[in-house]
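Each chain, written out:
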Amino acid sequence: MMKKMSIPTSKISLVLFLCQIISALDVPLDSKLLEDLSQPPTITQQSPKDYIVDPRENIVIQCEAKGKPPPSFSWTRNGTHFDIDKDAQVTMKPNSGTLVINIMNGGKAEAYEGVYQCTARNERGAAISNNIVIRPSRSPLWTKEKLEPNHVREGDSLVLHCRPPVGLPPPIIFWMDNAFQRLPQSERVSQGLNGDLYFSNVQPEDTREDYICYARFNHTQTIQQKQPISVKVLSMDSLNDTIAANLSDTDIYGAKPVTERQPVLLTPTGSTSTKVELRGNVLLLECIAAGLPTPVIRWIKEGGELPANRTFFENFKKTLKIIDVSEADSGNYKCIARNTLGSVHHVISVTVKAAPYWITAPRNLVLSPGEDGTLICRANGNPKPSISWLANGVPIAIAPEDPSRKVDGDTIIFSHVQERSSAVYQCNASNEYGYLLANAFVNVLAEPPRILTPANKLYQVIADSPALLDCAYFGSPKPEIEWFKGVKGSILRGNEYVFHDNGTLEIPVAQKNSAGTYTCVARNELGKIQNEVQLEVKDPTMIIKQPEYKVIQRYGQVSFECIIKHDSTLLPTVTWLKDNDELPDDERFLVGKDNLTIMNVTDKDDGTYTCIVNTTLDSVSASAVLTVVAAPPTPAIIYARPNPPFDLELTGQLERSIDLSWIPGDENNSPITSFVIEYEDALHEPGVWHYQTEVPGTQTTVQLKLSPYVNYSFRVIAVNKIGRSQPSEPSEQYLTKSASPDENPANVQGIGSEPDNLVITWEPLKGFQSNGPGLQYKVSWRQKDVDDEWTSVIVANVSKYIVSGTPTFVPYEVKVQALNDLGYAPEPSEVIGHSGEDLPMVAPGNVQVHVINSTLAKVHWDPVPLKSVRGHLQGYKIYYWKVQSLSRRSRRHVEKKILTFRGNKTFGMLPGLEPYSSYKLNVRVVNGKGEGPASPDKAFKTPEGVPSSPSFLKITNPTLDSLTLEWGSPTHPNGVLTSYTLKFQPINNTHELGPLIEIRIPANESSLILKNLNYSTRYKFYFNAQTSVGSGSQITEEAVTIMDEAMASRQVDIATQGWFIGLMCAVALLILILLIVCFIRRNKGGKYPVKEKEDAHADPEIQPMKEDDGTFGEYSDAEDHKPLKKGSRTPSDRTVKKEDSDDSLVDYGEGVNGQFNEDGSFIGQYSGKKEKEPAEGNESSEAPSPVNAMNSFV
């Protein structure tokens, strides 16, 4: 036994050597740094290994690679060099290795079938692609055949063969009729995996002449049709009619019309068969049986269970489907077909083989001259794959010698490398079912130190919290990092600081005196560099007076206080929540500076109110409960809770059950609705009562289920509409016998808390679930997809176990099994967990910005490789900020904004941008640990928009014929102003608008003198600014020119003349007399002459009365003659034009230019309601007259 456990000395030396050289130089993914570093080629994109192409379209064989310097590309076809210059149909994309074979201009796809391989090469090495097998898809026609009609007796089985043409890829088969309707399928009639249509037994309704099999070739989007098949079912009635002359009545009608038959398998045939499937594929097993009645199919696995969560039954349980099969799914699967007359079975022996799959794929290695390293290539499969190495695409056995390189099976060991050791190595793992090919480069670099953290970066933290100061660096050999505080400070050491391997300085508990300037110094044998960062320590935010618990009567008023203290440089925001949700949208809730008041309190206001104070650095909260009560009503009848039950008795004692009976107490005017039974476990939790069950109020006996190793006592509580009674007196005790556990812990999880551990947690069993003394847990784990044995440990009195030394974020299979002194619980189910996450390593690449309009941009990026996420991918964050306005050229404080996009998205929309501005952004990937590095800052500019309205418009210095206009430029020009537009028109005494005059004014002007105006005239002005995009919203103003003194005196003289006063009095008297006459005639019910004339001679020119408002269409309401407001008028026909509606969408954004894009974002700048456009021309609006007044009385 000891001999098996021993390890040879040579092996120990190798293990120690690998441990020493396993760590290689990390290259930060900084774009500026990567541009300067030489790098061997890396294949970034290639076509699939088995590439089926459409023969009607051009063939595109992808091969993309990166490297420094950029690589050149070459191809082989069927193992020999493919000279694309000699084939006019073949071209290679610029700066790429992708081939385009021109089929649409005369080429034939069949001529280019073969195996292709791409090589990307630069001065540091050569990377190769997979072998790409090119095959054109094929969709051949059905061979012509003469199909005889099928005559079959009712109840017999039938198989209609499809036999589709062999295509590439294989077609999808389905059966339809002449009307292109799918034929109905059931347990009796169904389609097999081979496309044939199986009838377990035929019925008269199966008779038809249009059973048609269709083959759909998805690659070429074509469908081929087989000749229709005719089926005629001969029923017993038709047979009797045929042979009635030869048989007696007894022979015809004495036997059963249809003979029942026991099951017989139609497919597969025989009693056994074999099936080989590859690991990771879908296993499909099929059994279709004939028989009457229709047999029912059932599946079992001999010697085991069908895998849970991966097993599915299709085609009415005739097909067993197991997804993602593994070697553990090998075995014998039995299908059983059964009906009332018997059964038949078939055993399928399944063997799961495996194409090669990675255990450890080789990873790129960056080393310094003189360092050591290893490339490891480990794969598994069934049968075990063979490993072979290539260097720069050449088998390593015939590759140029490298004294620093040593091959040991699946490992290449590098010792004391030099710059000439740089190369790309390929690992090929293959067996009879496939192969894996991986490129991994060894890049030897000699670089002086560089610090990647921006200079003078500002860090802000709250006092007594950790501070992390970054010093991202790179150099080869790896630089040493030192930190200093202040300009001439000494090197930082001691327990008050933590120095991380990535250069970060951590101050675990930052105090006020920790603030200041910190200097990071990086040095190696090739140089030295330093960088300074700033640290500010802020006072914490505190709630010095918290909200308090309140009890308030209904319809009262209540107030909660929340008084805070905070750092003077931080701006706090206070938010109130009700039951952890937003406050109701109710005007009764009044939020003050430091309190919340609720007016007219109702029952629905009952709940918990929380005050949350947030700053950019910290957050605090405090809560209080509000209880709303009402004055107690005066009851007519006293209703009360029931009295407790009594006289509890235990009978029928068994190991796992017992009977409990009781006598109810007084119900106190409210019927008992139910009884609640509780139990006490005096052995494990004395004095603690647990819910057992609940029974209706009419029941006084119940059988209770028991658990082993529990010392039970029971009590009963009665319940009515008023409430619950006091508990009854406990019953006598009953101790059950011990047993092994019945169940395992629930909620088993495996989640790492650190990058190198796995924390296994579970919910421990309760005392009564232990079923016996000595409760313990067997914790087991193993790395998923690796042929490792289970590692187990037995623990007690804990609910957590930490596995240390794990790789970062790899899946583990975990299970926890309960056991006690009497044995183990049933085998537990396995759960999948992951070891701890670490921060993502890679920033999103190829960040592109597409500016949609002046306020909206769309950002695209390439997703990071999932392996580099090193955790659960939660999404991506876009940090963006405005650099400056292009119209003012003035910088302002940079306020970064963040948008988060959940999931593995590759684009996002940036709304709310300011027009004509310069922006920058970067993208970061986010996992459960935090954010990864930022992509390089991407700069973009928003185009011009329309400006806002001018900031003011003043009209001064009025004279007889001139006015002086002064204005201010728009607050938000949103571009380069090109001009101003002034429109104005006179307004007469009846508020009618005169002709509109328009003037263009240069953008550099701020005042204008308007001359040649009419004296004593009111003018309305409309003023707006323009950019190259269009006009902005307008501002309006009104002003009056000065009245001429002579004209004013004449007007006064006329108004004071006696003849004018007499004339006005006569007109008024005449109107009064006419009104009195009309009033008298109306009261008498007669018609005055004018009315008679209208009735006798209807004038077609007179408009009829409107039905909606009762007024004559010919006359307008007095409301039509009200003065105009802000340049808008109501037409004289009292209709509202669509463009004048207050609710028009044109009033928002940039008029009709406001629109919504595909994802619902609003495109266009919101600028509030616009001033209505001035009326063109001089429309008349008639003033009220005596005639109008007369007509309104009739």
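Residues numbered from 1 in each chain as written. Predicted model: local features only at pLDDT ≥ 70, side-chain atom pairs only at ≥ 80, totals over all residues. Heavy atoms only, no water.

## Here we look at the sheet that holds strand β35 (residues 411–414)
So, step 1. Strand order in the open sheet made by the 3 strands is β30-β35-β34, with antiparallel pairing throughout. With one partner strand each, in any of the chains shown, β30 (373–376) and β34 (405–408) form the two edges of the open sheet. Neighbour-to-neighbour, the strand axes of the sheet open up by a mean angle of 20°, direction not taken into account.
So, step 2. Here β30 runs beside β35; their pairing, made up of 4 bridges, is antiparallel. By the bridge assignment, Gly 373 is partnered in β35 with Phe 414. (Pairing = 2+ DSSP bridges. Helix = DSSP H or I, 4+ residues; strand = E, 2+ residues; numbered from the N terminus. Axes fitted to C-alpha atoms, helices over the stretch in contact; angles between N-to-C directions.)

## Observations regarding the confidence of the model for the chain
So, step 1. With 84% of its residues at a pLDDT of 70 or more, the chain shows a mean pLDDT of 84.
So, step 2. Considering only residues more than four positions removed or in separate chains, one finds that residues 1086–1194, a stretch of pLDDT under 50, has 139 contacts. (pLDDT = per-residue confidence, 0-100. Contact = heavy atoms within 4.5 Å.)

## What about unusual backbone geometry?
So, step 1. A cis geometry characterises the amide bond from Thr 267 onward to Pro 268, with omega recorded as -5°.
So, step 2. Of note, Pro 268 is situated in the loop between β20 (261–267) and β21 (272–278).
So, step 3. Looking along the chain, the bond that leaves Leu 292 and enters Pro 293 is cis, with omega of 0°.
So, step 4. Position of Pro 293 relative to the elements: it lies in the loop between β23 (288–292) and β24 (296–301).
So, step 5. The residue Asn 668 is not glycine, and still its phi comes out positive at about 55°.
So, step 6. Among the structural elements, Asn 668 can be located in the loop between β58 (657–663) and β59 (674–681).
So, step 7. One non-glycine residue with positive phi stands out, namely Asn 846, at about 55°.
So, step 8. In this fold, Asn 846 is placed in strand β72 (residues 845–853).
So, step 9. Classification of Asn 846 by relative accessible area gives partly exposed; the value is 47%. (Buried < 20%, exposed > 50% of the residue type's maximum accessible area, 1.4 Å probe, protein only.)

## Topic: the nonpolar core
One broad trend across soluble globular proteins is that nonpolar side chains are buried collectively.
So, step 1. One finds Ile 59, Ile 61, Trp 75, Ile 101, Tyr 116 and Ile 134 to be the most contacted residues of the largest nonpolar core, which totals 29 residues.
So, step 2. Put simply, the parts of the chain that give this core at least two residues each are β2 (50–53), β3 (59–61), β4 (63–68), β5 (72–77), β8 (99–101), β9 (114–122) and β11 (132–136).
So, step 3. If you tally residues by element for this core, the top one is β9, at 3 residues.
So, step 4. Among residues more than four places away in sequence, those in contact with Ile 101 are Asn 58, Ile 59, Ile 61, Gln 89, Val 90, Tyr 112 and Tyr 116. (Core = buried A, V, L, I, M, F, W, Y, C linked by side-chain atoms within 4.5 Å.)

## Let's talk about the sheet that holds strand β49 (residues 558–561)
So, step 1. Here 3 strands make up an open sheet; going across it, the order is β49-β54-β53 and the pairing antiparallel. Because the sheet does not close on itself, it has two edges, and the strands there are β49 and β53 (589–591). Each strand axis lies, on average, 15° off the axis of its neighbour in the sheet, ignoring direction.
So, step 2. Pairing of β53 with strand β54 (residues 595–598) involves 3 bridges; the strand directions are antiparallel. Paired with Phe 589 across the strands is Ile 598, a residue of β54.

## Looking at the pattern of salt bridges
Pairing between side chains becomes possible if they bear opposite charge and their charged atoms approach one another.
So, step 1. Considering all chains together, one arrives at 36 salt bridges under this definition.
So, step 2. Salt-bridge contacts for Arg 279 lead to Asp 785; the nearest nitrogen and oxygen are separated by 3.6 Å. Within this pair, whereas Arg 279 is found in the loop between β21 and β22 (283–286), its partner Asp 785 is found in the loop between β66 (776–783) and β67 (791–795), the two being separated by 506 residues in sequence.
So, step 3. Since its relative accessible area comes to 27%, Arg 279 is described here as partly exposed.
So, step 4. Overall, Asp 785 belongs to the partly exposed group, its relative accessible area being 41%.
So, step 5. Across the pair Lys 545 and Glu 561 runs a salt bridge whose closest N-O atoms are separated by 2.8 Å. Of the two residues, Lys 545 is situated in strand β47 (residues 542–545) and Glu 561 in strand β49; the sequence distance between them amounts to 16 residues.
So, step 6. Here Glu 561 falls in the partly exposed class, since its relative accessible area comes to 34%.
So, step 7. Connected through shared salt-bridge partners, Arg 279, Glu 327, Lys 784 and Asp 785 make up one network. (Salt bridge = Lys/Arg side-chain N within 4 Å of Asp/Glu carboxyl O.)

## A closer look at the environment of Asp 36
So, step 1. Its location among the elements puts Asp 36 in helix α3 (residues 31–36).
So, step 2. Sequence separation of Asp 36 and Lys 68 is 32 residues, and the distance between their C-alpha atoms is 8.3 Å.

## So, the packing of aromatic side chains
So, step 1. Evaluated as defined, the whole model comprises 21 aromatic pairs.
So, step 2. Ring geometry for Phe 82 against Tyr 116: centres 5.8 Å apart, planes inclined by 70°, an arrangement best described as edge-to-face. Taken together, the residues Phe 82 in the loop between β6 (80–81) and β7 (90–92) and Tyr 116 in strand β9 connect sequence positions 34 residues apart. Exposure class is identical for Phe 82 and Tyr 116. Each is buried.
So, step 3. Linked through ring pairs, Phe 174, Phe 180 and Tyr 214 together constitute an aromatic cluster.
So, step 4. Its guanidinium or amino end placed over the ring of Trp 790, Lys 815 lies 4.3 Å from that ring's centre, counting from NZ or CZ. (Phe/Tyr/Trp six-rings, centres within 6.5 Å; stacked < 30°, edge-to-face > 60°. Lys NZ or Arg CZ within 6 Å of the ring centre and 35° of its normal.)

## Quick look at the state of the cysteines
So, step 1. The final tally for this structure, using the stated rule, is 6 disulfides.
So, step 2. Here Cys 377 is linked by a disulfide to Cys 427, with a sulfur-sulfur distance of 1.7 Å. Given an S-S torsion of about -60°, the disulfide between Cys 377 and Cys 427 has left-handed geometry. Remark: Cys 427 occurs in strand β36 (residues 423–431) and Cys 377 occurs in the loop between β30 and β31 (378–382); sequence separation between them is 50 residues. (Disulfide = S-S within 2.5 Å.)

## Describing the side chain of Thr 319
So, step 1. For Thr 319, the position within the fold is in strand β26 (residues 319–322).
So, step 2. With a relative accessible area of 2%, Thr 319 lands in the buried category.

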